[in-house]
Amino acid sequence: MAAATPLLTNELDIVIPTIRNLDFLEMWRPFFQPYHLIIVQDGDPTKTIRVPDGFDYELYNRNDINRILGPKASCISFKDSACRCFGYMVSKKKYIFTIDDDCFVAKDPSGKDINALEQHIKNILSPSTPFFFNTLYDPYREGADFVRGYPFSLREGAPTAVSHGLWLNIPDYDAPTQLVKPRERNTRYVDAVMTIPKGTLFPMCGMNLTFDRDLIGPAMYFGLMGDGQPIGRYDDMWAGWCVKVICDHLGLGVKTGLPYIWHSKASNPFVNLKKEYKGIFWQEEIIPFFQAATLPKDCTTVQQCYIELSKQVKEKLGKVDEYFVKLSDAMVTWIEAWDELNPPTKSSANSSA
């Protein structure tokens, strides 16, 4: 059978944060080559990152980030994969797929290579069902439908803002779990995509993730992590909590499940524990904060929602630690930088509220 024509080649950018040569792209060549790549180089900007021939890409290092954003570059993390969100900001496409450089092509149970990007695109182009759970999971998938008892008035679904993929081999565990289960590998391939219900938070992992930049882009800020910050490895989760609260408010959907990638190597659990240590305590306050967060009706754009959320972060989480005051300021700086690089047009005002 002839290979399917790749979808959205002119409407999607692939964003990759890295500190090393991108040899891993060779494995992804059949799937990624038709797309434009945005590579965000972390760490030493004088180091040359090698990209295999034949890829269409632009590469930004720390010097570029400082040059483009000026003083607002302070909101972009350094020495942490959170720097990837700079790529979201400079993209001019409707969709973003982001992947880590230690993620390889996985195989499905029949031994066939999984085209992760193609599955993400299917997820994001079909509606979500955040308001009522379908027990057959994704009703828009071939061979599935809405089950008996599903309200007809909700079968149109909601626009999908985020498609969150999973990982075979090394699971995305926190440091304490890594230490207790150093040899655990995920071998379970669950052939399902589901919508995360409205009002339910989830831990978003940024290493295999697609989102609609027009619908939710300004909320995809990966926070202040890494160099000079008291915390790391919470960048994607912070973005996920903010995104979910805003998606719930604006009536947008978030899906999780397929596609799988092969996560090739475990990071050092002792290093991870140092990065996560404060977050493990703080999240016991952060989660109830997001669970209780509500946004006023007059917040109808993602930017308005995000600025409102930043005020609540400062007011409520600022009491937990001074770091959250700094983070709430960075959230505002991020939105200012986003709007500078992506001047709002009349049509971009989100009317789905």
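Everything here concerns the structure above.
We now turn to the structure provided with this report. This is a predicted model, so every value here is computed, not measured.

**Examining the overall build of the protein**
Move 1: When you go through the protein residue by residue, the secondary structure sums to 10 helices and 9 strands.
Move 2: Taken over the C-alpha trace, the protein has a radius of gyration of 20 Å; the compact-globule value for 353 residues is 20 Å, and the two agree within 12%.
Move 3: Across its three principal axes, the protein shows a C-alpha extent of roughly 50 × 50 × 50 Å.
Move 4: Out of the 353 residues in the protein, the part that is buried amounts to 53%.
Move 5: If you take every contact in the protein between residues at least 6 apart in sequence, the share linking residues at least 24 apart comes to 75%.
Move 6: Charge-centre separation for the protein: the mean point of 38 positive side chains lies 2 Å from the mean point of 43 negative side chains.

**Thoughts on the side chain of Asp248**
Move 1: Summarising the element assignment, Asp248 is placed in helix α7 (residues 235-250).
Move 2: Engagement of the side chain of Asp248 in a polar contact is seen with the backbone nitrogen of Gly199, the distance being 2.8 Å.
Move 3: Among the polar contacts listed, one links the side chain of Asp248 to the side chain of Lys244, at a separation of 2.9 Å.
Move 4: Among all residues touching Asp248, those that are not within four sequence positions of it are Lys198, Gly199 and Thr200.

**A word on a nonpolar patch on the surface**
Move 1: Taken together, the side chains of Leu179, Val180 and Phe270 present a nonpolar region at the surface, about 330 Å² in accessible area.
Move 2: Residue position: Phe270 is located in helix α8 (residues 269-292).
Move 3: Phe270 sits in the exposed class, given a relative accessible area of 58%.

**Quick word on the layout of surface pockets**
Move 1: Empty space within the largest pocket amounts to approximately 1,200 Å³.
Move 2: Along its surface, the largest pocket is lined by 42 residues, and Ser81, Asp100, Arg233, Ser267 and Asn272 are the ones closest to its centre.
Move 3: When contributions to the lining of the largest pocket are tallied by element, the ones reaching two or more residues are β1 (12-18), α5 (175-180), α7 and α8.
Move 4: No other element matches α8, which puts 6 residues into the lining of the largest pocket.
Move 5: Residue composition of the lining of the largest pocket, by class: 16 nonpolar, 10 polar and 16 charged.
Move 6: If you add up the space inside the second largest pocket, you get close to 910 Å³.

**Some words on the environment of Val271**
Move 1: Mapped onto the fold, Val271 is located in helix α8.
Move 2: On a C-alpha basis, the gap between Val271 and Tyr260 in space is 26 Å, while along the polypeptide they are 11 residues apart.

**Digging into helix α4 (residues 116-125)**
Move 1: In terms of burial, α4 is largely enclosed, as 7 of its 10 residues are buried.
Move 2: Taken together, the buried positions of α4 are Ala116, Leu117, Gln119, His120, Ile121, Asn123 and Ile124.

**Brief notes about the nonpolar core**
Move 1: Judged by nonpolar contacts, the single largest core of 68 residues is most densely connected at Ile216, Tyr221, Trp238, Ile246, Tyr306 and Trp334.
Move 2: Once residues lying within four places of it in the same chain are set aside, the contact partners of Ile216 are Ala161, Val162, Phe211, Val243, Ile246, Cys247 and Val302.
Move 3: Within the second largest apolar cluster, 29 residues are counted, among which are Phe24, Leu25, Phe31 and Met207.

**Regarding the packing of aromatic side chains**
Move 1: Within the structure shown, the criterion is met by 21 aromatic pairs.
Move 2: Plain terms: the ring middles of Trp238 and Phe324 are 6.2 Å apart, the flat faces sit at 35 degrees to each other, and that makes the pair tilted. Of this pair, Trp238 sits in helix α7 while Phe324 sits in helix α10 (residues 323-341), placing them 86 residues apart in sequence.
Move 3: For the ring pair Trp334 and Trp338, a centre distance of 5.6 Å and an interplane angle of 50 degrees mean the geometry is tilted. Linking Trp334 with Trp338, this pair stays in helix α10, spanning 4 residues, or about one helical turn.
Move 4: Joined through ring pairs, the aromatic side chains of Trp238, Trp241, Trp282, Phe289, Phe290, Tyr323 and Phe324 make up one cluster.
Move 5: Sitting over the ring of Phe152, Arg155 keeps its end group 3.7 Å from the ring centre.

**So, empty space enclosed by the protein**
Move 1: A full pass over the atoms with the stated rule returns 4 cavities of 30 Å³ or more.
Move 2: Its volume calculated, the largest cavity comes out at about 50 Å³.
Move 3: In this structure, the largest cavity is lined by Met225, Ile231, Tyr234, Trp238, Trp241, Ile286, Tyr323, Phe324 and Leu327.
Move 4: Per-element accounting of the lining of the largest cavity gives the leading share, 3 residues, to α10.
Move 5: Among the residues making up the lining of the largest cavity, the classes are represented as 9 nonpolar, no polar and no charged.

**Things to note about α10**
An α-helix turns once per 3.6 residues; consequently, residues spaced three or four apart project the same way.
Move 1: Along its 19 residues, α10 runs 27 Å from first to last C-alpha, staying within 8% of the 27 Å computed at 1.5 Å per residue.
Move 2: Of the residues making up α10, those classed as buried are Tyr323, Phe324, Leu327, Ser328, Ala330, Met331, Thr333, Trp334, Ile335, Ala337 and Trp338.
Move 3: Turning to α10, the residues buried within the fold contact α2 (62-69), α3 (85-90), α6 (213-216), α7, α8 and α9 (302-316).

Calculation criteria
Residues numbered from 1 in each chain as written. Predicted model: local features only at pLDDT ≥ 70, side-chain atom pairs only at ≥ 80, totals over all residues. Heavy atoms only, no water. Helix = DSSP H or I, 4+ residues; strand = E, 2+ residues; numbered from the N terminus. Rg over C-alpha atoms; globule rule 2.2 N^0.38 Å. Buried < 20%, exposed > 50% of the residue type's maximum accessible area, 1.4 Å probe, protein only. Contact = heavy atoms within 4.5 Å. Lys, Arg positive; Asp, Glu negative; His and termini not counted. Charge placed at Lys NZ, Arg CZ, Asp CG, Glu CD. Polar contact = N/O pair within 3.5 Å; in protein donor to acceptor, adjacent residues only side chain to side chain. Patch = residues over 30% accessible without salt bridge, like charges linked within 9 Å, V, L, I, M, F, W, Y side chains within 5 Å. Areas by Shrake-Rupley, 256 points an atom, 1.4 Å probe, with all protein chains shown as cover. Salt bridge = Lys/Arg side-chain N within 4 Å of Asp/Glu carboxyl O. 1 Å grid on protein atoms, 1.4 Å probe; cavity = no way out; pocket = protein on both sides within 12 Å on 5 of 7 lines; lining within 4 Å. Points joined across faces, edges and corners; volume = space filled by probe spheres on them. Nonpolar A, V, L, I, M, F, W, Y, C, P; charged D, E, K, R; others polar. Core = buried A, V, L, I, M, F, W, Y, C linked by side-chain atoms within 4.5 Å. Phe/Tyr/Trp six-rings, centres within 6.5 Å; stacked < 30°, edge-to-face > 60°. Lys NZ or Arg CZ within 6 Å of the ring centre and 35° of its normal. Expected span 1.5 Å × (residues − 1).

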